[in-house]
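# Fold and geometry: a report
Residues per chain, in single letters:
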Amino acid sequence: MDQLATLLLGFPPASGFASFEDYHSQAKSHNQTLDKLAVTSNFRQSAAQLLKHVDPAVNSMSHLALLNTAINTGSAPLPDLLAKVSVFLCSFDPQQIRYSGKALSSLLEWALSGSSLPASVAVDVVTTALLRLDSTGSVLTSHHVALAKLALDTDNITPALPLLDKNIVSYPGIKSTQDSRPLCSPDLPPAAYMTIETGLTKSLTSTDVLQYDLIRGLCYIQLKDWGKALDALERVVTYPARDNHSCSKIMVEAHNKWLLVGLLRTGKTPELPPTTAPGAQKAFATLGKPYHALAKAFEDGSAATLRAEFETIGPSFFSEENNLSLVHLVLQHFQRWQILNLRHVYTAVSLEQIRQRTHSAITAAPLATEEEVEQLLRQMMEDGMLRGVVERPADRPAHLRFLDDDDASSTDGGGLSEAEFARRMQAAAERLRELAPLVRATSDRLGGSREYIKYLVEQQKRELDGRGRAGTMDDVTPFMSQIEDEDLMTGVVPGY
Amino acid sequence: MDQNLQAFFTMVENQDGVIVRDPPKLDLEIYIQNYKGRTRFDRLFLIGRSSVPLCVEALKAAIAEAKRGKDTHRYREAVELLRVAAPSEPEATYDQAWLEAQEASNKAETNRLLTELKGYKNNLIKESIRMGHEDLGKHMESIGDLNAAAEAYSKMRPDISTPKQFLDVGKHLVRVSIQRQEWGMVATHVGKLQYVEEDKTVEGYMKVSYGIALLGQEKYKDAASSFLAADPAIPASSYNELASPSDVAVYGGLLALASMDRDELQSSVLDNSRFRTFLEQAPHIRRAVTQFVSGRYSACISILESYRPDYLLDLYLQKHIPAIYSQIRSKCIVQYLIPFSCVSLETMEKAFGRPGQSIEDELADMIQLGALQARIDSINKLVTTRTSNPRSQMQAAALKAAENYERQALDRLRRIGLAAADLELKGGKKMGGFAAQHDFMVEETLG
């Protein structure tokens, strides 16, 4: 057992590393040692005991191997083991663990299976673990998908939010370009190590990717965060297709929800982004007809027409599509938007006028009393939809006074203060700056791709030929200008 | 009101007809003298159907007019109405003898013309064929068969040999199309006339008919320009089968008021020396325009209001008067508010108030439609006009641009990522549009 302990504690060595290459080779050999050990009976028996002596934050690879063995053999008491797993997932060394991707994946899968860890804990610790692995959160893994599903199914969305909020731009399965840097190199972009080859993720299909964003959308709907829900669903709706006719069922489903969420968020039918695939556009137009009809009634109809539209399509239809509560919410919000639109007409309006001018789409009738109107207004203010105050002066009727938004419509000079504007612009610039590494990684990857190099060589050849003939520099078109013309949206054409 | 009249107008109302209860300023006899041709009956008939004070008088005149012509259908129509409105009048009973004689002679005439035409066709003399068609067309028009008339007139086209004949065909077709209220056709036929510079008088005819067609199509601004370009030197007799000079002044002036701004009104209506001659025929329109230009909007509106019954009794204007008036009115309100940043509703009420209708609701509707840039404080009864604020607009635009840039950058990165990972959607082999996928439905958990 002592011998085992020495082996396990052998990485990282006390003497440190000469270089990243040194780290790389040692870590690889240590991983192989662990793989060999894992099958020995001695190791299997003593794994539970050894856990105590191996520090999860320092000897992460060894600790992980022990945990997996302990889980498989069931040799440790479960509560103890669960605590150990949680501690490990929150404290492992992210650099070291890149070498035991497969082992980490199987631990994460076990945690997310919901068999032993309570879901709320599982969501929390896996979120932490994934963010420790990749703090930019820009790479989608198979664990993301499983995590999002678990979070939605068990209603543990809030702990998963730090991960769900991240913008995903890379996907596993990118044909790895030979990155010369070792796996442990700290400036390695996440997309280079969060790969199928390292075992940190399994391969994904387009269905998985679509599902992940749809589930994200549903999570935000659940939290009533319409802005984020709209964004997430839009990612599904605009999912790229290689041809002009394919569309996925998930996309249609997302589109219908997207339409409803758009109504809730902006009070208008959202417009399909121009990047939507043509096949999808067609499918949306035909399969989303009832939703479009509803949206049209919402936009330019009265409460009665909206209600009638809903009745004609029928609640059972929406309930079959799993959208009934969302539709109900849309009906509920109709009056709110009517009230909100009054702000374009009035600076102040009496509650009685609001009562008369707006109708509830649930009952297709005005609210019964001023009190109900006021209650609705209060709710809207609490939800942050409405900026205004209800005033009750003694000599005049109770009324709502709209407060100026900070948009261009304000009358009294308005606008933001210079400092506030500068702060916001700075924040925007900061967010863009954060994108820089992602852009660099993508650019490096594209720049190193076989297709591009081929193109470059051809280009240079042509350039040389041209120069040979004309003998001038005039007709040298810099290839960058031609790259500009190439539509990046369609990606690299295979077999270019 | 007479009980019969009451019943008559209930009937008109049920047929969605326009009813004008106030007496108009016009004198029926003088009014109708301005016109000739079939439009006389149309105008009298319309007045009879719409105006309460002039109903019986106009219908009687219409019957007399119909009897002077050959169109028995019109005669029946007019008598039918008078029978409801005033059964005791002698004209309210059919003149059976006249009817039968006229119908018989119409039939005989039709047959005669058709046979003649056949003969001409056999003889292959172009000029005769053209004239045969023309005679047939005229006859058909006079007995009220406008379809056949239009057909006969257009068959004249192949046999035209002089520009004069070309003009005649055009005018016939324009006239028939106007009677059939086919405004699009009118425009086409007028368009064809444009290329002939033979006869000055045709230009007046063209401008007037084109204006009427555009009015019918609710293109008020274009219609106004067409009327404003009419030449007063051309004798009214050349176009009085369509409209009188005072009609031209009214149409042109009203439509200009509805569609032009103050500078345009000044330059193209008041300073327009040609149109000024027309305006002399309708001094009140001139006054209304002057008031509008000099900023006395309520005076302008009250002049127009006092003439509303007259205009509602006009053949071409009737349908459009509510729209034209409300456009003028909302233009007045917009213009009125321009110099102010804040106006009390009370002042607005004084300037534009109408009994039984609150100015506040009207303003609210205008704002909602985007016609007016203002907001109402319905508690302190104030209207504040909205001034654009370039600074905050710029700020909003800048922030929006930054946000868009970020979104687009992310979206592109994502697409590149998807393409690189070969995850784009590919068509299913057999399922047509759908990539083969297992059903994926997420249970709805919301609320």
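Residues numbered from 1 in each chain as written. Chains lettered and ligands numbered in written order. Predicted model: local features only at pLDDT ≥ 70, side-chain atom pairs only at ≥ 80, totals over all residues. Heavy atoms only, no water.

### Section: the overall build of chain A
Of regular secondary structure, chain A possesses 24 helices and three strands. A buried classification covers 47% of the 496 residues belonging to chain A. Across chain A, the fraction of contacts at a sequence separation of at least 24, relative to all contacts at a separation of at least 6, is 66%. Summing over all exposed atoms, chain A offers an accessible surface of approximately 23,300 Å²; the carbon and sulfur share of this is 54%. In chain A, 47 side chains carry a positive charge and 59 a negative one; their mean positions are 3 Å apart. (Helix = DSSP H or I, 4+ residues; strand = E, 2+ residues; numbered from the N terminus. Buried < 20%, exposed > 50% of the residue type's maximum accessible area, 1.4 Å probe, protein only. Contact = heavy atoms within 4.5 Å. Areas by Shrake-Rupley, 256 points an atom, 1.4 Å probe, with all protein chains shown as cover. Lys, Arg positive; Asp, Glu negative; His and termini not counted. Charge placed at Lys NZ, Arg CZ, Asp CG, Glu CD.)

### Details of the packing of aromatic side chains
All names here are of chain A. If you walk through the whole model with that rule in mind, you get 24 aromatic pairs over all chains. Summarising the aromatic geometry, the rings of Phe-11 and Phe-17 are spaced 5.6 Å apart at their centres and angled 45 degrees between planes, so their arrangement reads as tilted. You can call Phe-11 buried: its relative accessible area is 2%. Here Phe-17 falls in the partly exposed class, since its relative accessible area comes to 27%. Taking the centre distance of 6.3 Å and the plane angle of 35 degrees together, the rings of Tyr-23 and Tyr-99 count as tilted. Of the two residues, Tyr-23 is situated in helix α2 (residues 20-38) and Tyr-99 in the loop between α6 (94-97) and α7 (101-112); the sequence distance between them amounts to 76 residues. On the basis of relative accessible area, Tyr-23 is assigned to the buried category, the value being 8%. Under the relative-accessibility criterion, Tyr-99 is labelled buried at 7%. Linked through ring pairs, Phe-11, Phe-17, Tyr-23 and Tyr-99 together constitute an aromatic cluster. The ring of Tyr-193 is capped by Arg-98, whose NZ or CZ atom sits 3.8 Å from the centre of that ring. The ring centre of Phe-92 lies 5.3 Å from the NZ or CZ of Arg-132, which sits over that ring. (Phe/Tyr/Trp six-rings, centres within 6.5 Å; stacked < 30°, edge-to-face > 60°. Lys NZ or Arg CZ within 6 Å of the ring centre and 35° of its normal.)

### Some thoughts on the sheet that holds strand β2 (residues 388-391) of chain A
If you walk across this open sheet you meet the six strands as β2(A)-β3(A)-β1(A)-β2(B)-β3(B)-β1(B), and the pairing is mixed. Edge positions in the sheet fall to β2 of chain A together with β1 (342-344) of chain B, since each of these pairs with one other strand and no more. Strand-to-strand twist across the sheet, computed as the mean angle between neighbouring axes with direction ignored, equals 20 degrees. Relative to β2(A), helix α21 (residues 370-382) of chain A is tilted by about 150 degrees, and along the sheet it contacts β2 and β3 (399-402) of chain A. (Pairing = 2+ DSSP bridges. Axes fitted to C-alpha atoms, helices over the stretch in contact; angles between N-to-C directions.)

### Notes on the pattern of salt bridges
Tallied over the entire structure, the rule returns 53 salt bridges over all chains. For Arg431(A), the salt bridge identified is with Glu406(B), shortest N-O distance 2.8 Å. Pair noted here: Arg431(A) is in helix α22 (residues 418-447) and Glu406(B) is in helix α22 (residues 390-420), and the two residues belong to different chains. With a closest N to O distance of 3.4 Å, Asp71(B) and Arg38(B) form a salt bridge. Taken together, the positions of Asp71(B) in the loop between α4 (55-68) and α5 (72-85) and Arg38(B) in the loop between α2 (28-33) and α3 (39-50) put the pair 33 residues apart, joining distant regions of the chain. By the burial criterion, Asp71(B) is buried, and Arg38(B) matches it. Overlapping salt bridges bring together Arg38(B), Asp42(B), Asp71(B) and Arg74(B) as one network. (Salt bridge = Lys/Arg side-chain N within 4 Å of Asp/Glu carboxyl O.)

### A word on the interface of chain A and chain B
Bring the parts together and some accessible area is lost; that lost area is often taken as the interface size. Residue-level contacts link 91 residues of chain A with 61 residues of chain B. Both sides of the chain A and chain B interface together cover about 6,900 Å² of buried area, and 56% of this is carbon and sulfur. On inspection of chain A and its partner chain B, the count reaches eight salt bridges. Here Arg242(A) ties to Asp422(B) by a salt bridge, and the two come within 3.0 Å at their closest N and O atoms. At the boundary of chain A and chain B, one finds 25 residue pairs in polar contact (both at pLDDT 80 or more). Among the elements of the structure, α12 (206-222), α13 (226-237), α14 (249-266), α19 (324-341), β1 (346-350), α20 (351-357), β3 and α22 of chain A are those that each provide at least two residues to the side of chain A that touches chain B. It is α22(A) that contributes the most residues to the side of chain A that touches chain B, 13 residues altogether. Class assignment of the residues belonging to the side of chain A that touches chain B gives a composition of 41 nonpolar, 30 polar and 20 charged. Across two bridges, β1(A) lies against strand β2 (residues 374-377) of chain B in parallel orientation. Bridge pairing links Ala348(A) to Asp377(B) in β2(B). (Buried area = accessible area lost by both parts, 1.4 Å probe. Polar contact = N/O pair within 3.5 Å; in protein donor to acceptor, adjacent residues only side chain to side chain. Nonpolar A, V, L, I, M, F, W, Y, C, P; charged D, E, K, R; others polar.)

### What to know about the confidence of the model for chain A
When pLDDT is averaged across chain A, the result is 84; 90% of the residues are at 70 or more. This model gives residues 492-496 of chain A a pLDDT under 50, and the stretch forms six contacts once residues within four places in sequence are excluded. (pLDDT = per-residue confidence, 0-100.)

### Some remarks on the environment of Phe43(A)
All names here are of chain A. Mapping Phe-43 onto the fold places it in helix α3 (residues 41-50). Sequence-wise, Phe-43 and Leu-4 are 39 residues apart; in three dimensions their C-alpha atoms are separated by 7.5 Å. Once residues within four sequence positions are removed from consideration, Phe-43 is found in contact with Leu-4, Leu-8, Leu-37, Ala-38, Ala-65, Leu-66 and Thr-69.

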